[in-house]
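Commentary on secondary and tertiary structure
Letter by letter, the chains look like this.
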Amino acid sequence: MYCMKEVIRYLMGWPGPSGFGSASTAEQVTQHLSLPPNLTALITGGTSGIGFETARVLAKRGVRIILPARDVKRGNEVRERILRQSPAAEIYVLELDLSSLSSILCFCSYFLSLGLPLNILINNAGKFSRKLQLTEDKYELTFATNYLGHFVLTEVLLPKMKETAKETGRQGRIINVSSMIHQWANREEFHLYDMLKSKDYNATRAYAQSKLANILHAKEIAKQLKEKRVEITINAVHPGIVKTGIIRDHKGFVTDCIFFIASRLLKSTSQGAATTCYVALSPKLEGISGKYFEDCNESSCRGDYDRMARVLWEETHTLLQRKLRSLIKHGTIT
């Protein structure tokens with residue numbers, strides 16, 4: 001929970017140890033960076049909100065952008081929008097539905113066939129499903145999109161990131177976009193198979209659980225990479241309270257009241273993208289892994305549970321192995 005000093009710091013926008021704070025924007029935190037050439041970043045959810053601002057600013061700084069999009073037409077419109085501001089930008093739009101295991105595998109196969117490097121993976125896309133919806137794989141939509149989809153994407157693309165880091169001598173970075181709402185998740189209800197099936201569905205609970213899972217995922221992968229001495233870091237970030245498309249999916253009296261009361265706490269989209277851009281590019285974060293950041297500074301979080309992180313990874317890994325065998329058996333993937 002926030003103490004009074006932290007609340008005042010947030011409201012006033014005072015900078016923390018990094019030199020940036022809640023009022024800092026994505027352009028400000030990247031403005032004076034001297035970046036190496038040929039950096040490539042893959043950003044999920046980059047066609048709107050915080051993801052779009054992240055893509056726009058990174059492209060402006062000379063980073064090649066891979067833009068997965070469920071709606072390719074919309075993705076190309078976003079590409080043209082960024083190019084109008086940064087004509088020299090290199091942007092690839094590729095089809096991806098994060099809620100579908102077969103779509104993720106097809107996306108990764110096509111991306112890897114392009115022979116491009118991959119320095120930065122930003123797992124930004126988020127879903128808040130107000131009512132219970134199931135994916136084509138029969139999993140609850142919010143948790144499957146926010147956590148499971150990014151887990152699979154990360155697993156499949158890690159070898160490419162390792163290869164890129166080894167060939168370039170530059171440390172790769174993975175960023176999981178989480179939320180302070182992860183604190184609302186009940187540890188006693190945190191069981192993978194229950195969360196994926198969600199018989200007694202509650203939208204806020206599902207979202208909170210998915211965001212805690214994002215943090216635990218970062219913690220466990222950071223530990224594995226460190227043990228193997230792989231030059232890739234992974235951290236989780238809370239972008240702040242930003243009225244994005246996720247919130248628009250959850251209109252109602254309670255939500256409207258919360259945003260009315262908290263209106264002074266809301267960040268602009270550019271402020272919301274600042275922490276992601278900072279963690280993705282700042283040289284100050286070299287070698288920092290398995291941490292949680294908000295307002296461009298390291299913070300504490302509810303995800304400081306090593307055993308929970310390990311159990312979640314093992315259960316997810318086992319689940320996916322079984323699912324892949326099933327998809328191959330039924331000819332869904334070859």
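Details of the structure are given in the entry above.
Anyway, here's the lowdown on the structure attached to this text. (Residues numbered from 1 in each chain as written. Predicted model: local features only at pLDDT ≥ 70, side-chain atom pairs only at ≥ 80, totals over all residues. Heavy atoms only, no water.)

**Points about the overall build of the protein chain**
What counts, and what does not: Secondary structure counts use DSSP, requiring at least four H or I residues in a row for a helix and at least two E residues in a row for a strand, with both numbered from the N terminus. For every residue, the accessible area (1.4 Å probe, protein chains only) is compared with the maximum for its type, and the residue is labelled buried under 20%, exposed over 50%, or partly exposed between those bounds. Should any heavy atoms of two residues lie within 4.5 Å, those residues are counted as being in contact.
Within the protein chain one finds 12 helices and 8 strands. With 334 residues in all, the protein chain has 54% of them scored as buried. The long-range share in the protein chain, meaning contacts at least 24 apart out of those at least 6 apart in sequence, stands at 79%.

**Focus: the packing of helix H3 (residues 49-60) against helix H11 (residues 269-281)**
Threshold: Only C-alpha atoms enter the line fits that serve as axes; for helices the fit covers just the stretch in contact. Angles between N-to-C directions range over 0 to 180 degrees. Between 65 and 115 degrees an angle is taken as roughly perpendicular, under 35 as roughly parallel, over 145 as roughly antiparallel, and anywhere else as oblique. Here a crossing is called left-handed whenever its near helix is offset anticlockwise from the far helix by less than a right angle, and right-handed whenever the offset is clockwise. Classification used: nonpolar for Ala, Val, Leu, Ile, Met, Phe, Trp, Tyr, Cys and Pro, charged for Asp, Glu, Lys and Arg, polar for all others including Gly.
It is the contact of H3 with H11, at a shortest axis distance of 8 Å, that shows an interaxial angle of 55°. By the angle between their axes, H3 is oblique relative to H11. In this structure, the crossing between H3 and H11 has a hand that is right-handed. Note on element contacts: H11 touches H3 through Thr-269, Ser-270, Gly-272, Ala-273, Thr-276, Cys-277 and Leu-281, opposite Gly-49, Ile-50, Glu-53, Thr-54, Val-57 and Leu-58. A class-by-class count of the residues in the contact of H3 with H11 yields 6 nonpolar, 6 polar and 1 charged.

**Section: unusual backbone geometry**
Positive phi, close to 70°, is recorded for Lys-138, a residue that is not glycine. Here Lys-138 lies in the loop between strand S4 (120-123) and helix H6 (141-168). Of the residues examined, Lys-138 reaches a relative accessible area of 52% and is grouped as exposed.

**Concerning the side chain of Thr-276**
With respect to the helices and strands, Thr-276 occurs in helix H11. Residue contacts for Thr-276: discarding those within four places in its chain leaves Thr-54, Ile-122, Ile-175, Val-177 and Val-237.

**Digging into H6**
Put simply, the rule reads: A helix's residues, less one, multiplied by 1.5 Å, set its expected span. Here the bend at each residue means the angle between axes fitted to two seven-residue stretches, the one ending at that residue and the one beginning there. N or O atoms within 3.5 Å of each other form a polar contact, as long as, within protein, one can give a hydrogen and the other can take it, and as long as residues adjacent in sequence are counted only when both atoms are side-chain atoms.
Along its 28 residues, H6 runs 37 Å from first to last C-alpha, staying within 8% of the 40 Å computed at 1.5 Å per residue. Most pronounced at Leu-157, the bend in H6 amounts to some 45°, and the proline Pro-159 follows within four residues. For H6, the tally of buried residues reaches 20 of 28 residues, placing the bulk of the element in the interior. Taking the backbone nitrogen of Thr-142 as reference, a side-chain oxygen 2.7 Å away marks Glu-140 as the first, capping residue of H6. Downstream of H6 by one or two residues, Gly-169 has phi in the positive range, about 75°.

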